[in-house]
Amino acid sequence: MSATILLLSGPNLNLLGEREPAVYGTATLTDHVATASEAAALHGLSVVHFQSNHEGDLVDAIQAARGTHGAIIINPGALTHYAWAIHDALAAFDGPIVELHLSNPNAREPWRHLSVVAPVATGSIVGFGGHGYRLAVEAVAAVLER
Ligand code: CA2
């Protein structure tokens, strides 16, 4: 299997660094992708990043990852909480899947407490801000190496 990780970012994450710094920090999505890429390089892995504000684009990317990428790290944004098409697409992916959130949705509004992605993820990393991108890559590397 390929040594690439598909990093997926959902709706509005392209706005990181511009608004809501108290919740999501001041780093941009580009900064987070760089963090993930640097962490991946330490394990001989590389990161391919795709951001979309559209659920169907993310479903297409997940489908295309089958046989192409060794793992998926996904921050689905608000789609986390209701996008069953993303759940189904991820369920058809064979490699490790890490659900990633900057904030801890479980400590926020009740509607954020349901993740439809969590049941099909290998594991979830939430609440560690930008450090989560490094942790997610470390988790993928550990699973791929064992
Ligand atoms: O904590 C996370 O990473 C989230 O996935 C972020 C989503 C939110 O809906 C999830 O519940 C948790 C929201 C991303 C929107 O990001 C913005 C960034 C700047 C300005 C506005 C939105």
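Since the model is a prediction, treat every value here as computed from it, not as a measurement.

When you look at the site of the ligand in this model, what are you seeing that I'm missing?
Near the ligand, the surroundings consist of 15 residues, among which Asn-75, His-81, Leu-102, Ser-103 and Arg-112 are the closest. For the ligand, an oxygen atom lies 3.3 Å from a polar atom in the backbone of Ala-78. In this structure, an oxygen atom belonging to the ligand sits 2.8 Å away from a side-chain N or O atom of Arg-112. For the ligand, the accessible surface in isolation is 510 Å², of which the surrounding protein chains cover 94%. If you map the ligand onto the pockets, it falls in the largest pocket. Split by residue class, the shell around the ligand holds 6 nonpolar, 6 polar and 3 charged.

Whenever I open this one, the environment of Tyr-24 confuses me. Can you help?
Structurally, Tyr-24 can be placed in helix α1 (residues 21-24). Since its relative accessible area comes to 23%, Tyr-24 is described here as partly exposed. C-alpha of Tyr-24 to C-alpha of Gly-130: the two residues are 106 residues apart in sequence and 8.4 Å apart in space. Other than its neighbours up to four places away in sequence, Tyr-24 contacts Leu-16, Leu-102, Ser-103, Arg-108 and Arg-112. At 3.0 Å, the side chain of Tyr-24 forms a polar contact with the side chain of Arg-108.

Reading guide: rules and limits
- Residues numbered from 1 in each chain as written.
- Predicted model: local features only at pLDDT ≥ 70, side-chain atom pairs only at ≥ 80, totals over all residues.
- Heavy atoms only, no water.
- Near = heavy atom within 4 Å.
- Polar contact = N/O pair within 3.5 Å; in protein donor to acceptor, adjacent residues only side chain to side chain.
- Areas by Shrake-Rupley, 256 points an atom, 1.4 Å probe, with all protein chains shown as cover.
- 1 Å grid on protein atoms, 1.4 Å probe; cavity = no way out; pocket = protein on both sides within 12 Å on 5 of 7 lines; lining within 4 Å.
- Sits in = over half its atoms within 2 Å of the grid points.
- Nonpolar A, V, L, I, M, F, W, Y, C, P; charged D, E, K, R; others polar.
- Helix = DSSP H or I, 4+ residues; strand = E, 2+ residues; numbered from the N terminus.
- Buried < 20%, exposed > 50% of the residue type's maximum accessible area, 1.4 Å probe, protein only.
- Contact = heavy atoms within 4.5 Å.

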